[in-house]
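Now for the letters of each chain:
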Amino acid sequence: DEKPVIINSFYKLYDIALQQNPNYFGSNIYDFFNYGLDNYLLETHNNHIVLFTDGYMFMSGENPNSNGNKKGHLEGSILDPLRASKNWEKLYIEQKWGIVSSDFKIKKGTTISILEINPDNINNVFNPRTRIRPLKPCPTEFKILSRFWKDWFLDMGFDSNDINIHKTSNNLNGKKSD
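Residues numbered from 1 in each chain as written. Predicted model: local features only at pLDDT ≥ 70, side-chain atom pairs only at ≥ 80, totals over all residues. Heavy atoms only, no water.

Trainee: Run through unusual backbone geometry, naming residues and quoting values.
Mentor: One non-glycine residue, Lys96, lies in the positive phi region at around 55 degrees. With respect to the helices, strands and loops of the structure, Lys96 is situated in the loop between α4 (88–94) and β3 (98–99). Judged by its relative accessible area of 60%, Lys96 falls in the exposed class. Positive phi, close to 65 degrees, is recorded for Asp103, a residue that is not glycine. Looking at the element boundaries, Asp103 is found in the loop between β3 and β4 (111–117). According to the relative accessible area criterion, Asp103 is exposed, its value standing at 65%. (Helix = DSSP H or I, 4+ residues; strand = E, 2+ residues; numbered from the N terminus. Buried < 20%, exposed > 50% of the residue type's maximum accessible area, 1.4 Å probe, protein only.)

This is how it looks when you write it as structure tokens:
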């Protein structure tokens, strides 16, 4: 059962990243947007950012912690109040949920695609991303994660038409998407 070429490439990149920093198992997206992204955007080009993520975000120690319902991390049981709500969108708006602002402002005309969001709050039964019991998938998890990301990018100055968010697809990993 051979994996698609793009998946093998991701595994290779991930191995290289782990060799560079074996104590850290993910990317620091917050810092990249704050301090690194601007170095890659060209004034005379149409810039398109492609971000591969499972949809969850962990910020390292130097990044901001939560400020009310503006979260410094987007993982674990932090999302449980939204997961448990019958009307999570209303709660999200009323309680001003979001990701802590990066204060980074994007160059106009830049687009972003977030690929491979995989809402798996119960995927690991030994360490699930929720404290809600009994363990069961959250049918709105993808929508909740998407809202956080979209609002964070809007805060950076992206136009809503330039933000594309996609769930895990058959094209990259061979798993069926629901």
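Trainee: Mind laying out the side chain of Ser113, listing which residues take part and the relevant values?
Mentor: Residue placement: Ser113 occurs in strand β4. Within the local environment of Ser113, its side chain forms a polar contact with the side chain of His48, the two groups lying 2.9 Å apart. Look past the residues within four positions of Ser113 in its chain and what remains in contact with it is His48, Ile49, Val50, Leu51 and Asn164. (Polar contact = N/O pair within 3.5 Å; in protein donor to acceptor, adjacent residues only side chain to side chain. Contact = heavy atoms within 4.5 Å.)

Trainee: Break down the environment of Tyr92 for me, citing the residues and quoting the values.
Mentor: If you trace the backbone, Tyr92 turns up in helix α4. When its relative accessible area of 3% is taken as the criterion, Tyr92 is described as buried. Between the C-alpha atom of Tyr92 and that of Arg147, which follows or precedes it by 55 residues, the distance is 9.0 Å. Among residues more than four places away in sequence, those in contact with Tyr92 are Leu82, Trp97, Gly98, Arg147, Phe148 and Asp151. For Tyr92, the side chain forms a polar contact with the side chain of Asp151, separated by 2.8 Å.

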